[in-house]
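A look at the structure
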Amino acid sequence: MAAEESRFHVLAVDDSLIDRKVIERLLKTSSYQVTTVDSGSKALEFLGLHENDRIAHNETSVSPKIHQEVEVNLVITDYCMPGMSGYDLLKKIKESSSLKNMPVVIMSSENVPSRISRCLEEGAEEFFLKPVRLSDVNKLRPHLMRTKCCKNIQNQENQENKESPEIQLHTAAQSNNSNKRKAIDEGISPDRTRPRYSDLTLVSN
Amino acid sequence: MERNSHRQLANMKKSLFDQGYLDQEQFTQLEELQDEANPNFVEEVVTLYYRDSARLIQNIEQALAEKNPLDFTKLDNYMHQFKGSSCSIGAKKLKNECTQFREYCRTGNGEG
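Structural notes, computed from the coordinates. Since we're looking at a predicted model, the values are computed, not measured.

The helix and strand inventory of chain A stands at 8 helices and 5 strands. If you list the helices and strands of chain A from N to C, you get β-α-β-α-β-α-β-α-β-α-α-α-α. In chain A, buried positions account for 51% of the 205 residues. The long-range fraction of contacts in chain A, counting pairs at least 24 apart against all pairs at least 6 apart in sequence, stands at 71%. Here chain A displays about 9,400 Å² of accessible surface, and carbon together with sulfur accounts for 50% of that area.

Two side chains that carry opposite charge are able to pair once their charged atoms sit near each other. All names here are of chain A. Taken as a whole, this structure holds 15 salt bridges over all chains when the rule is applied. Its salt-bridge partner being Lys 130, residue Asp 19 comes within 2.8 Å of it at the nearest N-O pair. Remark: Lys 130 occurs in the loop between strand S5 (126–129) and helix H5 (134–138) and Asp 19 occurs in helix H1 (residues 17–29); sequence separation between them is 111 residues. Across the pair, Lys 130 and Asp 19 agree in class, each one buried. Each of Asp 14, Asp 19, Asp 78 and Lys 130 takes part in a single network of salt bridges with overlapping partners.

This part covers the layout of surface pockets. Its boundaries defined by the atoms lining it, the largest pocket holds a volume of some 570 Å³. Forming the walls of the largest pocket are 20 residues, and the residues nearest its centre are Leu 16, Leu 22, Phe 27, Val 46 and Tyr 50 of chain B. Of all the secondary structure elements, the ones that give two or more residues to the lining of the largest pocket are helix H1 (2–18), helix H2 (24–33), helix H3 (41–65) and helix H5 (92–107) of chain B. Here the element with the most residues in the lining of the largest pocket is H3 of chain B; it accounts for 5 residues. A per-class count over the lining of the largest pocket returns 14 nonpolar, 2 polar and 4 charged. For the second largest pocket, the calculated volume is near 400 Å³. For the lining of the second largest pocket, the secondary structure elements donating two or more residues are H1 of chain A together with H3 and helix H4 (72–89) of chain B. For the lining of the second largest pocket, the leading source of residues is H4 of chain B, giving 6 residues. Across the lining of the second largest pocket, the residue classes tally to 4 nonpolar, 7 polar and 10 charged.

Definitions and cut-offs
- Numbering of residues starts from 1 in every chain and runs along the sequence as written.
- Chains carry letters from A onward and ligands carry numbers from 1 onward, assigned in written order.
- The predicted nature of this model means local features are confined to residues of pLDDT at least 70 and side-chain atom pairs, given and counted, to a pLDDT of 80 or more, with totals for whole chains, interfaces and linings taken over all residues.
- Hydrogens are left out, water is left out, and the side-chain values use all remaining heavy atoms of the structure.
- To qualify as a helix, a DSSP run of H or I must reach at least 4 residues; to qualify as a strand, a run of E must reach at least 2; elements of each kind are numbered from the N terminus.
- Whether a residue is buried, partly exposed or exposed follows from its accessible area with a 1.4 Å probe, protein chains only, as a fraction of its type maximum: under 20%, in between, or over 50%, in that order.
- Contacts are residue-level and defined by heavy atoms, with any inter-residue pair within 4.5 Å sufficient.
- Each accessible area is a Shrake-Rupley result for a 1.4 Å probe, and residues are judged covered by the shown protein chains and nothing else.
- Think of a salt bridge as a Lys or Arg side-chain nitrogen and an Asp or Glu carboxyl oxygen that are within 4 Å of each other.
- The rule is simple: put a 1 Å grid over the protein atoms alone, call a set of points where a 1.4 Å probe fits but cannot get out a cavity, call an open set with protein on both sides within 12 Å along at least five of seven lines a pocket, and count a residue as lining if it has an atom within 4 Å of a point.
- Grid points are joined across faces, edges and corners, and a volume is the space filled by probe spheres set on the points.
- Amino acid classes used here: Ala, Val, Leu, Ile, Met, Phe, Trp, Tyr, Cys and Pro are nonpolar; Asp, Glu, Lys and Arg are charged; the rest, including Gly, are polar.

Here it is, written out as structure tokens:
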């Protein structure tokens, strides 16, 4: 199913029309498929997750793929948005059983170190300062590669054997880290190697 | 004819860069995103920016007119949006003005 998509699909979330336009162009120039939405709640909708549902899809253990109507490989979101902020969106994604392995990147026009560390600690892959440049977008690739590889292998065999190639990729990605990445990421990497859909145990928050 | 207008355009851009109105790096980035498949990208973005800015300025004027008391939070929000889009376009001077304005908002400086 996922093999058909040779391109990565990125969901960009920003309340500013201009920023949406620019980020869309940046992503398309890098040959990514792009969907843009103007709010966190629309993003969650698009991802197949409703705001109040965190563990909504336990019944669908038979066909887990219907979690998401469309397959998204990475979410890039603005931090400052009315209503649901980028940080709230990040939290919701990471708290969701179906989406917690989704790479999330935060963008902000304000350079606030406490904000940056908070986002990274919550599980954001990267934090970009606006205006976002092409060089920033290039940093997305290793994160996308990691997810894609995970999914492809998972489709073949739903076992833990995939951990070795997975870890190689992860360490390769880590060696390309920018200064913004915190060491704390290494602590949560084991979670990412866990198969996505076999984790049906209720995680209550 | 075309060569003249190109040169004029180049001169205009240069003066905007030199005077600090336009951020060369950012604007160049935008230009680089334009290509054969998307020949009007810069034009589209700038048009959007003007439209967006006009709306924001209207809102700001309205908010400033409601003098008693001045709603600094609202003004600050508008400025944040304005600053954000100015940043993406490379409107350097405007962005700096926004930052200054927000400082006034933060300190409750109505006169500023």
